[in-house]
Amino acid sequence: MQSIGEIQGMISTFSSSPEPGPEPKQRLCPQCGLPYRSLLLGKQWFSSPACDCRDRIERVQLAQEWKEEERDHRLREAGLGARWRQCSFQQFEQNEGNHLALERCRAYAQQWPQQARLREGSGLLLSGSTGVGKSHLAAAVALALLERGAKVLFRNTSAFLCRLKDGYAEDRSERQEMECLEAAELLVLDDLGVERDSPWERETLYRVVNGRYEQLKPIIVTTNADLNLLEKSLGPRTFGRLLEMCLPLQVGGEDHRRKSSRQRKDR
Ligand SMILES: [Zn+2]
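Each chain carries its own residue numbering, running from 1 in the direction its sequence is written. A pLDDT threshold of at least 70 governs which residues receive local features in this predicted model, and a stricter bar of 80 or more applies before side-chain atom pairs are shown or counted, although totals over entire chains, interfaces and linings include all residues.

Only DSSP runs of H or I reaching four residues or more are called helices, and only runs of E reaching two or more are called strands; each is numbered from the N terminus. Of regular secondary structure, the protein chain possesses 12 helices and 7 strands. Across the 267 residues of the protein chain, 27% fall into the buried class. Our contact criterion uses C-beta atoms placed from the backbone: two residues qualify when those atoms are within 7 Å. Restricting the contact set of the protein chain to residue pairs at least 6 apart, pairs at least 24 apart contribute 76%. Counting other C-beta atoms within 10 Å of each residue's C-beta, where C-beta atoms are placed from the backbone, gives the exposure class: buried for 20 or more, exposed for 12 or fewer, partly exposed between.

The structure is reproduced here in structure tokens:
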């Protein structure tokens, strides 16, 4: 690092004006109002703050960025993709068909971790046709709990089963994933479809659901299948467990994906 003397020498060497101009008008710190110090280096005036406001603001900004990065990391680790990370209760579009489900989900998040709830291991079973906001509600519960430090895992059921079949991921084995699922305080199984033809898939879902049942740990399931179809697809054991653990909530209303695509077309 160069010394002030060296810098001064460089400035006076390269400076083209023969004499330093008049001292510039004094600047004030926009934060605390303290005047800046004027410094004459060679033939040029510089002003530098006499307070530490700038450093302090930078530190606050860094801490804020770090906090946001931490939050993002936590949500990613919980399995919430970028889309679901935006899905708060405030962002949910309320209508006649979904306001009851919204209220119940909001209450569920607010009452967490009420002991009675946990003891019963009670969860939610959100059903309704596609695009009515079931996943949004499940994600909103997950987000609210994650903000409060709860251990939540959000899994798209098909993707989860596919990855499990392939031995899960490079950084995580099937056994590790199952252990993670068991350790989560709340598990969300999003989009539990009806295409559960393989005995392996049925058995795996039973293991997941039953594992939570035995540990008295809640689960939130979203599905676009009606309950009769779901029972047929999952089998009576898994379906029975789910019904015992979860409060069924019908989410109605208009398909918001079609609505927003229509609105885009109309624009
Ligand atoms: Zn200042």
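As a further point, take the nonpolar core. Linking buried Ala, Val, Leu, Ile, Met, Phe, Trp, Tyr and Cys residues through C-beta atoms within 7 Å yields a set, and such a set is a nonpolar core. Core analysis: the largest hydrophobic core is formed by 47 residues, its most contacted members being Leu137, Val141 and Ala142. Sequence-distant contacts of Ala142, defined by excluding residues within four places in its chain, comprise Ala78, Leu80, Val152, Phe154 and Val188.

Lines fitted to C-alpha atoms define the axes, with helix axes restricted to the stretch in contact, and inter-axis angles between N-to-C directions lie between 0 and 180 degrees. It is the contact of helix H4 (residues 99-111) with helix H6 (residues 134-147), at a shortest axis distance of 9 Å, that shows an interaxial angle of 20 degrees. Between H4 and H6, the angle falls in the class roughly parallel. For the pair H4 and H6, the crossing hand works out as right-handed. Across from Ala101, Leu102, Cys105, Tyr108 and Ala109 in H4, the residues of H6 making contact are Leu137, Ala140, Val141, Ala144 and Leu145. Working definition: roughly parallel below 35 degrees, roughly antiparallel above 145 degrees, roughly perpendicular at 65 to 115 degrees, and oblique for all remaining angles. Note on convention: the crossing is left-handed when the near helix lies turned anticlockwise from the far helix by less than a right angle, right-handed when the turn is clockwise.

Turning to the packing of helix H9 (residues 199-214) against helix H11 (residues 236-245), a few remarks are in order. Running from N to C, H9 and H11 cross one another at 35 degrees; their axes reach a closest spacing of 9 Å. When the axes of H9 and H11 are compared, the crossing they make is left-handed. Mapping the contact onto sequence places Leu205, Tyr206, Val209, Asn210 and Tyr213 in H9 and Arg237, Thr238, Arg241, Leu242 and Met245 in H11. Under the grouping applied here, Gly and all other residues not named as nonpolar or charged are polar, the nonpolar ones being Ala, Val, Leu, Ile, Met, Phe, Trp, Tyr, Cys and Pro and the charged ones Asp, Glu, Lys and Arg. Of the residues that constitute the contact of H9 with H11, the class distribution is 6 nonpolar, 2 polar and 2 charged.

Let us look at the confidence of the model for the protein chain. The pLDDT value tells you how sure the predictor is about a given residue, anywhere from 0 up to 100. Taken as a whole, the protein chain shows an average pLDDT of 85; of its residues, 84% reach a score of 70 or greater. Across residues 9-15, confidence stays below pLDDT 50; counting only partners more than four residues off in sequence or on other chains, it has 8 contacts.

It is worth spelling out the pairing of strand S1 (residues 37-41) at this point. In short, DSSP must find at least two bridges between two strands for them to pair. Relative to strand S2 (residues 44-48), S1 runs antiparallel, the two being bridged by 5 bridges. Looking at the pairing, Arg37 lines up with Ser48 of S2. Hairpin connection between S1 and S2: a loop of 2 residues separates the two successive antiparallel strands, and Gly42 in this loop has a positive phi of roughly 65 degrees.

Summarising the element assignment, Asn98 is placed in the loop between helix H3 (82-85) and H4. The buried category is assigned to Asn98, around which 26 C-beta atoms lie within 10 Å. When the C-alpha atoms of Asn98 and Gly128 are compared, they prove to be 9.7 Å apart, with 30 residues separating the residues in sequence. For Asn98, the contacting residues outside a window of four places in its chain are Val132, Gly133, Val251, Gly252 and Gly253.

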